[in-house]
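Single-letter residue listing:
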2 protein chains.
Amino acid sequence: MRNLLITMRYDGSAYHGWQVQQNAVTVQQVFQDSIEKLTGVRENVTGCSRTDSGVHALMYCCNFRTNSKIPCERMPFALNAHLPDDISVYDCREVPDDFHARYSCTSKRYIYKIWNTPFRNPFYNGKYLVYPKKLDEEQLDRAAKSFIGTHDFCGFASSGGSVEDTVRTVTYCGVRRCGDEVFFEVEADGFLYNMVRIMVGTVLSVAEGRIDALCIPDIIESKDRERAGFTAPAHGLYLKEVNYGGEKEKKE
Amino acid sequence: MRNLLITMRYDGSAYHGWQVQQNAVTVQQVFQDSIEKLTGVRENVTGCSRTDSGVHALMYCCNFRTNSKIPCERMPFALNAHLPDDISVYDCREVPDDFHARYSCTSKRYIYKIWNTPFRNPFYNGKYLVYPKKLDEEQLDRAAKSFIGTHDFCGFASSGGSVEDTVRTVTYCGVRRCGDEVFFEVEADGFLYNMVRIMVGTVLSVAEGRIDALCIPDIIESKDRERAGFTAPAHGLYLKEVNYGGEKEKKE
């Protein structure tokens with residue numbers, strides 16, 4: 001059996017996240033359906049991450065084993081023919097048998113997109129957080145930089161996560177503006193449940209004067225969820241990069 | 001009565017263009033509905049351009065006269081409350097009584113967006129032309145430059161247009177790439193019916209080897225619609241800038 005690594009994009013608006021659930025449509029389920037339609041066999045697919053309900057992916061990786069003889073270069077076309085328009089596979093490669101989309105992953109990068117005007121943008125509905133008050137991106141960038149380093153982020157996790165080790169290493173975190181768009185971007189070796197959305201809520205709380213940027217190291221240290229900011233809405237969040245080994249897979 | 005200049009964005013996917021038609025939903029009609037809901041009076045709104053069915057606008061200008069006392073700075077919020085999510089007003093200003101959104105316009109700029117990969121992008125469905133074969137943006141840019149200048153563009157117009165003078169002055173025309181996205185952009189003092197879409201179809205025909213880029217001046221000169229390229233689909237096209245007088249209104 002070949003072990004195939006699939007890379008795709010998806011608009012998460014219509015899905016309750018990646019992972020199969022009862023009574024809710026998820027990306028994993030729809031993707032497993034497409035494999036079954038293509039090969040006649042239902043395979044279990046391993047995703048690189050659970051993404052929350054409504055979160056998007058510019059790059060999402062998963063792997064599955066198959067006896068299908070379809071060549072890798074044809075696989076994206078073959079799968080896309082059975083997938084809805086809001087999911088699109090753009091790469092397929094054969095990987096060693098012990099490759100695991102989640103455990104082999106060395107780092108992930110997320111981007112959170114903010115439309116920083118008082119007026120909705122017809123092209124960004126459900127794709128950006130609309131934030132009416134003008135943000136000072138330099139202030140937010142300084143606040144974001146406080147997250148860089150190896151910390152116990154358990155104060156930046158919603159309850160419901162199952163991991164025991166809550167120490168993560170953030171290698172990049174920053175905020176930049178492009179016209180009326182403001183982007184929060186963070187890369188780490190792993191993320192706790194809702195961690196990026198709470199980081200975003202925290203820097204937005206700095207913008208609102210409810211949290212002092214200088215206190216962020218203290219807040220991290222305190223491990224107290226109550227002291228961090230609110231959980232920013234899911235629809236502004238995108239998984240942007242998934243990295244394996246030393247080699248960076250940078251597609252967008 | 002005040003004469004108000006309104007600036008908005010809209011996603012044209014659901015509309016049969018700007019102009020009111022029988023038996024089809026148009027942006028003008030929906031916008032006039034919103035004024036009527038807001039002020040109780042149905043006003044006739046003058047648009048800066050008819051846009052084709054399915055064409056989008058990052059910036060669209062229109063004007064109307066009203067006795068409403070709502071201050072300009074509140075007007076975008078007031079109108080947006082009565083508009084669907086795919087239309088968003090972001091500016092309102094009072095203009096002289098003789099201002100006319102179409103006749104006072106000195107130039108317009110359009111952008112045509114191409115997603116240049118073999119795979120659809122879930123975020124660009126109905127918003128970009130998907131063009132699978134890798135485009136050479138430098139070749140296309142050279143072809144696009146041939147349109148610059150004052151020419152009789154009657155060979156670059158679909159039948160159905162009503163104008164008699166088909167001479168237009170193109171002040172900018174170019175093609176650039178940003179990752180997997182390719183943008184064709186053109187500015188002129190005016191455009192004939194389908195003119196931008198036929199220009200795009202012509203540079204794509206150059207990419208496909210069906211038209212020699214060096215022949216574009218001849219094709220323009222010939223005034224022969226048959227010699228120009230196909231009419232590119234509407235859904236990749238956006239009105240991007242509308243300029244009045246010497247002052248450029250550059251919002252996106």
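As the structure is a prediction and not an experimental result, all values here were calculated from the model.

## What to know about the interface of chain A and chain B
Part 1 of the reasoning: On the chain B side, the residues contacting the 27 residues of chain A number 27 residues.
Part 2 of the reasoning: When the two sides are added together, the surface that chain A and chain B hide from each other amounts to roughly 2100 Å², 61% of it contributed by carbon and sulfur.
Part 3 of the reasoning: For the chain A face of the interface with chain B, the top three residues by lost area are Phe119(A), Arg120(A) and Phe123(A), together amounting to 37%.
Part 4 of the reasoning: Joining chain A to chain B, the criterion identifies one salt bridge.
Part 5 of the reasoning: Note that Asp85(A) is salt-bridged to Arg120(B), the shortest N-O span being 4.0 Å.
Part 6 of the reasoning: There are 12 residue pairs in polar contact (both at pLDDT 80 or more) connecting chain A and chain B.
Part 7 of the reasoning: Counting residues per element, the ones that place at least two in the side of chain A that touches chain B are β1 (2–10), β3 (56–66), α2 (75–80) and β4 (87–95) of chain A.
Part 8 of the reasoning: Looking at the side of chain A that touches chain B residue by residue, the class counts come to 16 nonpolar, five polar and six charged.

## Digging into the domain arrangement of chain A
Residue and element names in this part refer to chain A.
Part 1 of the reasoning: Examined at the domain level, chain A breaks down into domain 1 (2–95) and domain 2 (108–244).
Part 2 of the reasoning: On the side of domain 2, 17 residues touch domain 1, which itself brings 16 residues to the contact.
Part 3 of the reasoning: Between domain 1 and domain 2, the buried area comes to about 1300 Å², and carbon and sulfur atoms account for 59% of it.
Part 4 of the reasoning: On the surface where domain 1 and domain 2 come into contact, there are two salt bridges.
Part 5 of the reasoning: For the pair domain 1 and domain 2, the number of links is 11 residue pairs in polar contact (both at pLDDT 80 or more).
Part 6 of the reasoning: When residues of the side of domain 1 that touches domain 2 are assigned to their parent elements, the largest contribution, six residues, is made by β3.
Part 7 of the reasoning: Among the residues making up the side of domain 1 that touches domain 2, the classes are represented as eight nonpolar, six polar and two charged.

## Concerning the pattern of salt bridges
Pairing between side chains of opposite charge can happen when their charged atoms approach one another.
All names here are of chain A.
Part 1 of the reasoning: Under the definition given, this model contains 29 salt bridges over all chains.
Part 2 of the reasoning: A salt bridge links Asp 141 to Lys 145, with the shortest nitrogen-to-oxygen separation between them at 2.9 Å. Taken together, the residues Asp 141 and Lys 145, both in helix α3 (residues 137–145) and four residues apart, mark about one turn of the helix.
Part 3 of the reasoning: The exposure class assigned to Lys 145 is partly exposed, which follows from its relative accessible area of 35%.
Part 4 of the reasoning: Taken together, the shared-partner salt bridges connect Arg 109, Arg 176, Glu 185, Glu 187 and Lys 240 into one network.

## Concerning the relation of the copies chain A and chain B
Part 1 of the reasoning: Of the two same-sequence chains, chain A is brought onto chain B (RMSD 0.0 Å, axial shift 0.0 Å) by a rotation of 180°. Classification of the inter-copy transformation places it as that of a two-fold axis. Closest to the rotation axis within chain A is the C-alpha of Phe123(A), separated from it by 4.7 Å.

## As for the side chain of Lys108(A)
All names here are of chain A.
Part 1 of the reasoning: Note on placement: Lys 108 falls in strand β5 (residues 105–115).
Part 2 of the reasoning: In this structure, Lys 108 is buried with no salt-bridge partner, the nearest side chain bearing the opposite charge being Asp 189 at 9.0 Å.
Part 3 of the reasoning: A polar contact is formed between the side chain of Lys 108 and the backbone oxygen of Cys 48, at a distance of 3.2 Å.
Part 4 of the reasoning: Residue contacts for Lys 108: discarding those within four places in its chain leaves Cys 48, Ser 49, Val 186, Glu 187, Ala 188, Phe 191, Leu 239, Glu 241 and Val 242.

## A look at the packing of helix α3 (residues 137–145) of chain B against helix α4 (residues 195–207) of chain B
All names here are of chain B.
Part 1 of the reasoning: Between α3 and α4, the least distance of the axes is 9 Å, while the angle of their chain directions is 135°. In terms of their interaxial angle, α3 and α4 are classed as oblique. Crossing geometry of α3 relative to α4 is assigned as right-handed. Residue-level contacts link Gln 139, Leu 140, Ala 143 and Ala 144 of α3 to Val 203, Leu 204, Val 206 and Ala 207 of α4.
Part 2 of the reasoning: Tallied by class, residues from the contact of α3 with α4 come to seven nonpolar, one polar and no charged.

Thresholds applied
- Residues numbered from 1 in each chain as written.
- Chains lettered and ligands numbered in written order.
- Predicted model: local features only at pLDDT ≥ 70, side-chain atom pairs only at ≥ 80, totals over all residues.
- Heavy atoms only, no water.
- Contact = heavy atoms within 4.5 Å.
- Buried area = accessible area lost by both parts, 1.4 Å probe.
- Salt bridge = Lys/Arg side-chain N within 4 Å of Asp/Glu carboxyl O.
- Polar contact = N/O pair within 3.5 Å; in protein donor to acceptor, adjacent residues only side chain to side chain.
- Helix = DSSP H or I, 4+ residues; strand = E, 2+ residues; numbered from the N terminus.
- Nonpolar A, V, L, I, M, F, W, Y, C, P; charged D, E, K, R; others polar.
- Domains from an automatic or database assignment.
- Buried < 20%, exposed > 50% of the residue type's maximum accessible area, 1.4 Å probe, protein only.
- Least-squares fit on C-alpha atoms with pLDDT ≥ 70 in both.
- Lys, Arg positive; Asp, Glu negative; His and termini not counted.
- Axes fitted to C-alpha atoms, helices over the stretch in contact; angles between N-to-C directions.
- Parallel < 35°, antiparallel > 145°, perpendicular 65-115°, else oblique.
- Left-handed = near helix turned anticlockwise from the far one by under 90°.

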